[in-house]
Amino acid sequence: MPLFNWKEEYSVHIEELDHHHKKFMDILNALYDDCFERDKDLSVGHKIDELIAYTKYHFVAEENFMRYVGYGQISDHLEKHEQFARKLMELKQTSNGNQLELTQELIICLGTWLLQHILEEDKRY
Ligand SMILES: [Fe+2]
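Residues numbered from 1 in each chain as written. Predicted model: local features only at pLDDT ≥ 70, side-chain atom pairs only at ≥ 80, totals over all residues. Heavy atoms only, no water.

Asker: So what's going on with helix α2 (residues 40–68)? Residues and values would help.
Answerer: Taking 1.5 Å per residue as the helical rise, α2 with its 29 residues ought to reach 42 Å, and the 41 Å between its terminal C-alpha atoms agrees with that figure. Positive phi appears at Gly 70, one or two residues downstream of α2, with a value of about 65°. (Helix = DSSP H or I, 4+ residues; strand = E, 2+ residues; numbered from the N terminus. Expected span 1.5 Å × (residues − 1).)

Asker: Pulling in residues and values, what's your account of the environment of Gln 104?
Answerer: Along the chain, Gln 104 turns up in helix α4 (residues 100–120). Residues Gln 104 and His 20, 84 residues apart in the sequence, show an inter-C-alpha distance of 22 Å. Each residue touching Gln 104, except ones within four places of it in the same chain, is listed here: Tyr 32, Cys 35 and Phe 36. (Contact = heavy atoms within 4.5 Å.)

Asker: How would you summarise the packing of α2 against helix α3 (residues 74–96) if you had to cite specific residues and measurements?
Answerer: Between α2 and α3, whose axes approach to 10 Å, the crossing angle comes to 175°. In terms of their interaxial angle, α2 and α3 are classed as roughly antiparallel. Along the contact surface, α2 presents Val 44, Ile 48, Asp 49, Leu 51, Ile 52, Thr 55, Phe 59, Glu 62, Glu 63, Met 66 and Arg 67, while α3 presents Ile 74, His 77, Leu 78, His 81, Phe 84, Leu 88, Met 89, Leu 91, Lys 92 and Ser 95. In terms of residue class, the contact of α2 with α3 is built from 12 nonpolar, four polar and five charged. (Axes fitted to C-alpha atoms, helices over the stretch in contact; angles between N-to-C directions. Parallel < 35°, antiparallel > 145°, perpendicular 65-115°, else oblique. Nonpolar A, V, L, I, M, F, W, Y, C, P; charged D, E, K, R; others polar.)

Asker: Quick one: what's the story with the pattern of salt bridges, residue by residue and with numbers?
Answerer: A complete count under the given rule lists eight salt bridges for this structure. Arg 86 is the salt-bridge partner of Glu 79, the closest N and O atoms lying 3.5 Å from each other. Arg 86 gets classed as partly exposed once you look at its relative accessible area, which sits at 48%. Linked by salt bridges that have partners in common, Lys 80, Glu 121 and Arg 124 make up one network. (Salt bridge = Lys/Arg side-chain N within 4 Å of Asp/Glu carboxyl O. Buried < 20%, exposed > 50% of the residue type's maximum accessible area, 1.4 Å probe, protein only.)

Asker: Summarise unusual backbone geometry; cite the residues concerned and give the values.
Answerer: Not every positive phi belongs to a glycine, and His 13 is a case in point at roughly 65°. Mapped onto the fold, His 13 is located in the segment before α1 (15–34).

Asker: For α4, give the residues involved together with the corresponding values.
Answerer: It helps to recall that an α-helix has 3.6 residues per turn; residues three or four apart then point in one direction. Between its first and last C-alpha, α4 extends 30 Å over 21 residues, near the 30 Å set by a 1.5 Å rise per residue. Among the residues making up α4, those that are buried are Thr 103, Gln 104, Leu 106, Ile 107, Leu 110, Gly 111, Trp 113, Leu 114, Leu 115, His 117 and Ile 118. Looking at the packing, one finds that the buried side of α4 touches α1, α2 and α3.

Asker: Could you give an account of the packing of aromatic side chains, naming the residues involved and the relevant values?
Answerer: For the structure on display, the rule yields nine aromatic pairs. Where Phe 24 meets Tyr 54, the ring centres are 5.7 Å apart and the plane angle is 85°; that geometry is what we call edge-to-face. Pair noted here: Phe 24 is in helix α1 and Tyr 54 is in helix α2, with a separation of 30 residues, a long-range link. Taken together, Phe 24, Tyr 54, Tyr 57, Phe 59, Phe 84 and Trp 113 form an aromatic cluster joined through their ring pairs. (Phe/Tyr/Trp six-rings, centres within 6.5 Å; stacked < 30°, edge-to-face > 60°.)

Asker: Describe in detail the environment of Leu 3, supporting the description with residues and values.
Answerer: Within the secondary structure, Leu 3 is located in the segment before α1. Along the chain, Leu 3 and Asp 33 lie 30 residues apart, while their C-alpha atoms are 8.7 Å from each other. Those residues in contact with Leu 3 that lie beyond four places of it in its chain are Asn 29, Tyr 32, Ile 107 and Ile 108.

Asker: Which residues make up the nonpolar core, and what values go with them?
Answerer: General note: in soluble globular proteins, nonpolar side chains tend to be found buried as a group. Leu 28, Leu 31, Leu 51, Phe 84, Leu 88, Leu 91 and Ile 107 are the most contacted members of the largest nonpolar core, which has 32 residues in total. Breaking this core down by element, the ones donating at least two residues are α1, α2, α3 and α4. Among the elements that make up this core, the one with the highest residue count is α2 (eight residues). Excluding anything up to four places from it in sequence, Leu 51 contacts Phe 24, Ile 27, Leu 28, Leu 31, Leu 88 and Leu 91. (Core = buried A, V, L, I, M, F, W, Y, C linked by side-chain atoms within 4.5 Å.)

Structure (structure tokens):
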């Protein structure tokens, strides 16, 4: 059973961005699973880099969309994305320090943040 599961209520009704959010959950789930693997050091580090790259890609797409539709609360939204990016850097540092339990906690924290962000912020645009 994956840690995070997509539900219809997470849909922002824009196919591309829904797809991005699903992909986010996939990466977070795979990352969490990797924490229990024997060769976790290699795979966790690799997936965190993938998560960082995907976050940048997704936020740019979402921010461009908000500009395109003239969304009024964009600066607040960008601030929330910044917070996520900072948390992600924390995750990278923690995983480099081989603190497995803290890494798992941070993955749960990031996933929970993401779902809440989709429901409360993303659905407004
Ligand atoms: Fe967002």
